[in-house]
Amino acid sequence: MAASELYAKYARVWLPDAAEVWKSAELTKDYSPGDLKLTLQLEDGTEVEHKIDPRTNNLPPLRNPNILVGENDLTALSYLHEPAVLHNLKVRFIDSKSIYTYCGIVLVAINPYESLPIYEADIINAYSGQNMGDMDPHIFAVAEEAYKQMARDERNQSIIVSGESGAGKTVSAKYAMRYFATVSCSSSEASVEERVLASNPIMEALGNAKTTRNDNSSRFGKYIEIGFDKKHCIIGANMRTYLLEKSRVVFQADEERNYHIFYQLCASSHLPEFKAFKLGCADDFHCTNQGQSPVIDGVDDAKEMCNTRRAFSMLGIGESDQMAIYQILAAILHLSNVEVKDQSADKSSILPDSVHLMVFCELMGVPCEEMAHWLCHRKLKTTTETYVKSVSKMNAVNGRDALAKHIYARLFSWIVCSINIALKSAAKQHSFIGVLDIYGFETFDVNSFEQFCINYANEKLQQQFNLHVFKLEQEEYMKEEIPWTLIDFDDNQPCIDLIEAKLGVLDLLDEECKMPKGSDDTWAQKLYNTLLKQNAHFDKPRLSNRAFIIHHFADKVEYQCEGFLEKNKDTVNEEQINVLKKSKVDWLLKLFQDDEKAASSTNKRTSVTGRAGQAQRDNKKTVGLQFRQSLHLLMDTLNATTPHYVRCIKPNDNKSPFYMDPVRAVQQLRACGILETIRISAAGFPSRWTYQEFFSRYRVLMKQKDILHDRKQTCKNLLEKLVKDKDKYQFGKNKIFFRAGQVAYLEKLRSDKLRMACVRIQKTIRCWLARKKYLRMRESAITIQRHVRGHQARCYVKFLQRTRAAVIIQRNVRMWVTRTCYQQLRSAAITIQCFLRTYMARNEYYKLVFEQKAVVIQKWVKGWLARQHYKRTMAAIVLLQSCVRRMKAKKELKTLKVEARSVERFKKLNIGMENKIMQLQHKINEQQKDNRELSERLNVMEKTQTTEREKQNRETENLRRSGQEAKAKAATLPSLLEQLSFLQHELENTRREKQDLEEHTKVYKEQTQQVVEDLNMKNSLLNSEKDEMNQRILEQANQLTEIKTNVENAKQLEKDLTEERSRYQSLLSEHLHLEERHRDVKEEMNLSLSSSKSSHKRTDSNYSSNSSEFSQSLGSTEGENSSIQTEDETQATVDLPVLLKLQKRVKELEQDKQSLWQQLDNREEDQQEKAKEVEEQRTVGRAELDLETLKRQELESENKKLKQDLNELRKSLTNENSESAPPIPGSLPYNILLEHLSSSNEELDMRKEEVLLLRSHMVRQEALKHKDSVLGEGVKLDFSEMSSFQDVDRSTNIHTLNEDGELWLAYEGLKETNRILEYQMQEQKRAHHEENRKLLSEVNKFKGEKEQQQKLLNQSLLLPEDARVEASLKHEMTRLTNENLELMEQQEQQAETIRKLKKQLKLYIKKVEHFEASAQQKNKAPVMAAPVRAVNITRKEKEYRGMLEYREGDETRLLKKLVVDLKPRGVAVSFIPGLPAYIIFMCVRYADNVNDDQRVSTLLNSTISSIKGVIKRRGNDFEVVSFWLANTCRLMHCLKQYSGDEVFITHNTAKQNEQCLANFELSEYQQVFGDLAIQIYRQLIKCMEENLQPLIVASMLEHETIQGVLGSKPTGLRKRSSNSQEQTITVEVLLQRLSVFHTTMSQHGMDLDLIKQIVKQQFYIICAVTLNHLLLRKDMCSWSKGLQIRYNVWQLEEWLVERELADCGAKETLDPLVEAAQLLQINKKTEADAQAICTMCSALTTAQIVKVLTLYTPVIEFEERVTTAFITIIKNLLKDRVETTTLMMDTKKIFSVTLPFTPTSVALETIQIPASLNLGFLARI
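I will try to describe carefully the structure that is included in this document. (Residues numbered from 1 in each chain as written. Predicted model: local features only at pLDDT ≥ 70, side-chain atom pairs only at ≥ 80, totals over all residues. Heavy atoms only, no water.)

Examining the overall build of the protein chain
The secondary structure content of the protein chain amounts to 52 helices and 25 strands. Burial analysis of the protein chain (1821 residues in total) assigns 42% to the buried set. Relative to all contacts within the protein chain whose residues are 6 or more apart in sequence, the contacts with residues 24 or more apart total 75%. With the model as given, the accessible surface of the protein chain reaches about 103000 Å², and the carbon-plus-sulfur share is 54%. (Helix = DSSP H or I, 4+ residues; strand = E, 2+ residues; numbered from the N terminus. Buried < 20%, exposed > 50% of the residue type's maximum accessible area, 1.4 Å probe, protein only. Contact = heavy atoms within 4.5 Å. Areas by Shrake-Rupley, 256 points an atom, 1.4 Å probe, with all protein chains shown as cover.)

A short note on the pattern of salt bridges
Enumeration according to the criterion identifies 36 salt bridges in this entry. Its salt-bridge partner being Arg152, residue Asp153 comes within 3.2 Å of it at the nearest N-O pair. Overall, the relative accessible area of 52% leaves Arg152 in the exposed class. Arg664 is the salt-bridge partner of Asp653, the closest N and O atoms lying 3.0 Å from each other. (Salt bridge = Lys/Arg side-chain N within 4 Å of Asp/Glu carboxyl O.)

As for the sheet that holds strand 2 (residues 21-27)
Spatial strand order, 1-2-3-4: four strands in an open sheet with antiparallel pairing. Every other strand in the sheet has two partners, leaving strand 1 (12-17) and strand 4 (47-51) as the edge strands with one partner each. When the angles between neighbouring strand axes are averaged without regard to direction, this sheet yields 50°. Alignment of strand 2 against strand 3 (residues 37-42), held across three bridges, turns out to be antiparallel. Each bridged residue has a counterpart across the sheet, and for Glu26 the counterpart in strand 3 is Gln41. Relative to strand 2, helix 2 (residues 82-95) is tilted by about 100°, and along the sheet it contacts strand 1 and strand 2. (Pairing = 2+ DSSP bridges. Axes fitted to C-alpha atoms, helices over the stretch in contact; angles between N-to-C directions.)

Thoughts on the sheet that holds strand 6 (residues 106-110)
Strands sit in the order 5-6-20-7-16-10-11 across an open sheet of seven strands; the sheet is mixed. The sheet terminates laterally at strand 5 (100-103) and strand 11 (234-242), the two strands that pair on one side only. Between one strand axis and the next, the sheet turns through 20° on average, direction left out of account. The pairing of strand 7 (residues 157-162) with strand 16 (residues 431-437) spans five bridges and is parallel. Looking across to strand 16, one finds that Gln157 is bridged to Ile433. On top of the sheet, helix 13 (residues 449-480) reaches strand 6, strand 7, strand 16 and strand 20 (642-649); it is set at about 120° to strand 20, its chief contact.

Topic: the packing of aromatic side chains
Evaluation of the coordinates by the stated rule reveals 38 aromatic pairs. Seen from their ring centres, Phe220 and Phe412 are 5.3 Å apart, and the 70° between their planes marks the pair as edge-to-face. In this pair, Phe220 is assigned in the loop between strand 9 (217-218) and strand 10 (221-228) and Phe412 in helix 12 (residues 393-423), connecting sequence segments 192 residues apart. A centroid spacing of 6.0 Å and a plane angle of 50° characterise the contact between Tyr845 and Tyr846, whose relative ring orientation is tilted. Three or more aromatic residues joined by ring pairs make a cluster, and in this case those are Tyr119, Tyr127, Phe140, Tyr147, Tyr175, Tyr179, Phe180 and Phe228. Of note, Lys97 hangs over the ring of Phe658, and the distance from its end group to the ring centre comes to 5.4 Å. Across the ring face of Phe1791, the terminal group of Lys1656 is positioned such that the distance to the ring centre comes to 4.7 Å. (Phe/Tyr/Trp six-rings, centres within 6.5 Å; stacked < 30°, edge-to-face > 60°. Lys NZ or Arg CZ within 6 Å of the ring centre and 35° of its normal.)

Written out as structure tokens, the structure is:
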């Protein structure tokens, strides 16, 4: 774009000016290239000419369009240069009263010199959780950004606050820390946060002073690291200080003061504890009266002293340490008044009766003579001798001042260390946010060593700032993948090298300090000789040889060399320090411990050379070296964090509110790097738009055909068309980057296009008006024509109808004739075709039949022929075979006959017979021998057989014994009786505890009754006062005759009543919260005390892991004893850090406890679902075991019978005394007996095998049965590896043990039992080892405590008496704290054990009940089994009384099922609303019917406790809270409806009146339930607010119904967050959420009046949040946004009408928001407009009206800003209005709730209990 286009006529530019720096002017004619001057007109009408240098051709900078003026971010400006920045800041500061402005990554803060209401808690809450670009610039936005990045990126953060003195650095840092303290943790117990903030008044008192530029100037730099844990809560802090201005202790310039602490001490000198310091007025001391300005306007030093002392106490610095600090400060004051007399040129002295010296020595605890001597003398050491030399008066005064500065510096360092110790946390720091409050660039008329160090630090910070800005620019360009060139920026590294490099200024200064005769003059000459010609940033003044000039990044500064060496050495007379080290004040010695350590280490290093003094001087670090090292450490810390910059600007030197001096402002903008940031941004692409933003803004410059589906390509085409120079913009991945000035050019094109559109609209409207007149005339003519043409048309229609009728008749006749002819022809053709086709088909059929029959005949003939041939062939073959075989047989017969006739054959046969006879004779002989041997062997075998029988008998007996032992072990597995006895014992203990708790309950009840009586008394007093007020109202009503006054009085009374009710409900809510908190703490303390008194009982290992089984059938027992409360009247005074640790520990334990309760409840819910399946499996297992047991017993009985028969048989065989002798072996009886014996043994073996199989099967079943029980828990039996005995064949391995596998079967049968027993032994062993380990740990713990106590005792013996007592107290408190924590842990364990035991008890009760029921069923089974005749039994109709009977002690069980474990969703959908309330009340009626007051109180108290427990655990679930609010109100209404009071029974039916309570009057419980309903109502509001909070701003403010109607303005680097990637939140989403709330409450049966009050509260929250964000967001205050807000409000009102809630008062709560929207749209020019605004905005406060008008921002050029004069008119018109001065609406406000009586029409006798509630123990009466 050419310069001639930009510098055209009417273009506005900036001209340099000496007074205002820059002035605005307007071109009166176009500029042409080559012109040497511009013709301009100033704003006051003056015409001037601006000359243009032909060599540079630099034109004056252009002004930004008016629409861009006053932007939140300076980078949003199209033209980025110095005048634009200055003008934008001036407009925001003076016109808009906005002190904060963004400049890219920097927050510019201008000191308003006036208190502004923008730092309250509601402002903090509004900025909390918001993105930095969404809200107006604020220090809270920077703090929130740092806090959010720390939590999101897990990276440490730093906030760098800089600026010159008086710019507001300390206040900005203070507010940043206050923000962290507020948002990081709850304010109710913010001990750590308060301590962090408490460090501010201490550091301000000791490190801040009044200067000519600032009343509270920080004279030191500090970097505070605020530590956070993993939950991002503050756990501690650490502070580092830099370069304390020690010279201020002894010298102050005119109109300045010393440090505040001295004046605070003097102002409090009248206090009794300060009498010993002998102080007076501040004017009496030399170190506080030099500035002649001891008082600061508006500051009370005595009051500030109280704040300082309070801060010391809060940080844990004791009263004794505080008094020691004040004592040393008082001593410094007296030391400054010590006068030194001049005796000669090099000799001085101090009078011995100097009062101030004596007081100083008395306060410091040192001898007066010795201190007076060393104040006027000094010691000189040489290699051989030591000399004492007197000094001159000047040197003595300098030594006195150096001593005062040294003492103050040591005191300051000690206090900083003490603060760090107090702020240090024992917990591990996860991350931190550092806040750097450091001095800005300084230049005075006389600049010394302090200014040199300050400017050196600012050089380092500016370098870090430039590198960070450049890095961000580079990352942005690389992220968007656009080509970029290296941006040239002023690197100040040469200046830093000049200061800190080798042979730099600091190096030469340290070298000169080491010279024996070094001076400021010689150092200056070294600087000239070394640096003058080598470094361009170093220069020498023309008229001075004792000064030098350094060209800093901000300006060149001339430093005076005088005093540089002395300040850098920071020397103090060592003998004076030695005198102080001999002080009698122990506390003073603490200040010099570091010096002693350093001196001792130096002496050790130099002991060889013997020159300790010289080495100590050489090794002592100079001030410059220390500052350089600390500065490098600071830079390392800052580079390791993510920095956030706050630049504070001092607008004027007169401290005038909201007045800006342009010259001073520009100086500071140049010095703090703002303009450098602008220059870096302007060198690249400062303006950045997303493609969607660019499209929405400049859509008007496109045509419809240019719009593509791809927004990116559309924007590219438009830019290429509008801007020809492609170097002026770049296309990134997500953004478009523009050079400086391009946005202004596009805005010009846009405004031109809109102006043309306006002209076109005007032209169209004028055309419409003329055309309207023409159309009226045309309409008249058309009407006449219409009637004429209508008549003609009707005639023509008649003609057409007749013609059409004739044509239709002709058509039909012709059609009939033609159709008749056609049908005749068609019928003839069909007949011919029919006959022809029939003839052809018949012929075809005949042919097929003939062929088929021929084939069949051929088939049968061929088959018969083949069979005949086969038969003939077979017959021939058989005949042939017969003939052949007959021939062979004949031949063989002939040969056999021949052989039979031969003699040789007979011979052969005889020879064989003789041999056989010989062999048989030989065999007979051998058999006789064998018979004799066998008879002998038989005798031996009989003997061995008898022994084997005895052995088998013994084995059988052993097997029988082992079977009995296994049976006994199997019988002892459950050991139910032992467990029941144990549980009975525990039950007795529980009963005793219950009795104790009941006693505590009685005490608490008496106390509660007393409180109730007091409340009743107060209520009666209030009632009496109310009656008096009513009487007065009646008297006034009688006197006054006008009805209007009566109405006003009634309204006032109603308002007072509402406020009173609101106060009562808020107090009630707070009281209930504190009561609940107190009750929990006391209950934990009581349980811990009781657990510490009770002895620890060790249970059997069988019960060590039984929680999993019993957790299936029992839920949480929370809330059983929650109503018990005891008051501790004695309160022990403990140390604050210990108490804070205790509170933190208690809080952590409570959180852990709540999480464990929640996990346990979830686990119990899951296990309850599986309980039924487990029970079914167990019953099946028991049935199988019973069958197997019966079968085993039968087999064992048969086995016994067989064994008896066997024994008898054996006895009969072996009985020697029997009548008949035993059979002989080998005889028939003997063989029969042996066979019978063998068969008996086989049968016995089979029975044994069956018995073993059954035993093993029973063991397996028992193991399965007890797998999840007490004994079986943890036992993992691998049944898959066991093969089935019935189906496995006997292998060879089995026979290796025994032939029939009996031993193997016995082994496998007992293996599983042995596994269980082995596991039990292992568990006992493990428990034994665990107990030994615990005992060893306790012994080691006791040993450690003993050693620690011995160490503490040895240390305390070395301490003085006071310190010994204090140390012992601290040790005792620490010990008690540890014991308390251990007791709390033991109490938690005991509570868990009690829960387990209770669950066991209930499970065993269920088991016993189940066993009893099964026994009864068994007893009834024979009776039921008898066959009877079927009889029809008709049930008699019962008349129920509306009661539910329950046994005493079932209250906990009832409430667990009905309250704790109940899921509201299923109840609300399936059953009648309020069912739990009806059931509880029916139980109350039963308790009332049996006249049992204990039951009534127990049931109602337990109900209240259970509901409170549910609300406490699930208070964030809207559905749960709504459900119990509805049921609580319903129960309260039932108590009222059935109370019998005349007020309530009028709404009842006759049946309901009969069911009223007869024995008890429960009005007190009505009040208690009413208070409980109020508490639940407030919790419901909080839950609802949490759900609505994320939706309100996005739907009511940010969302636009029609996107891009008026476009969006440029927003700079900090873009507003968008929901483009997420689901867009619209008003419909908000209305859907409100509908869900309303539907849920309606389903729960909540009273309509209560629903209306809740909806009213919802709409108030919507209004408050929306209006608060509107007041904090300048980009939302426009005409179009007002239109959008009014549309959204209309939708909310329509929602109310649809749900018939228009009369609930919710619409009125939206009035402030409606008025704010109207205020954005109304005219704001004339005084009449101001009058209309004041009349219209009755619901807005004056501050809100002024804020909206101030923030009003035009979005297009056709809008105008609100002038300052108009705002002043508004203020004058509203100054008499009586209202609050708060700016924000209270989002936490909750309207007072009323609970009107609503009777129910549900009859109690008709209510049935659903089976799904598992309330079978309740019985309807």
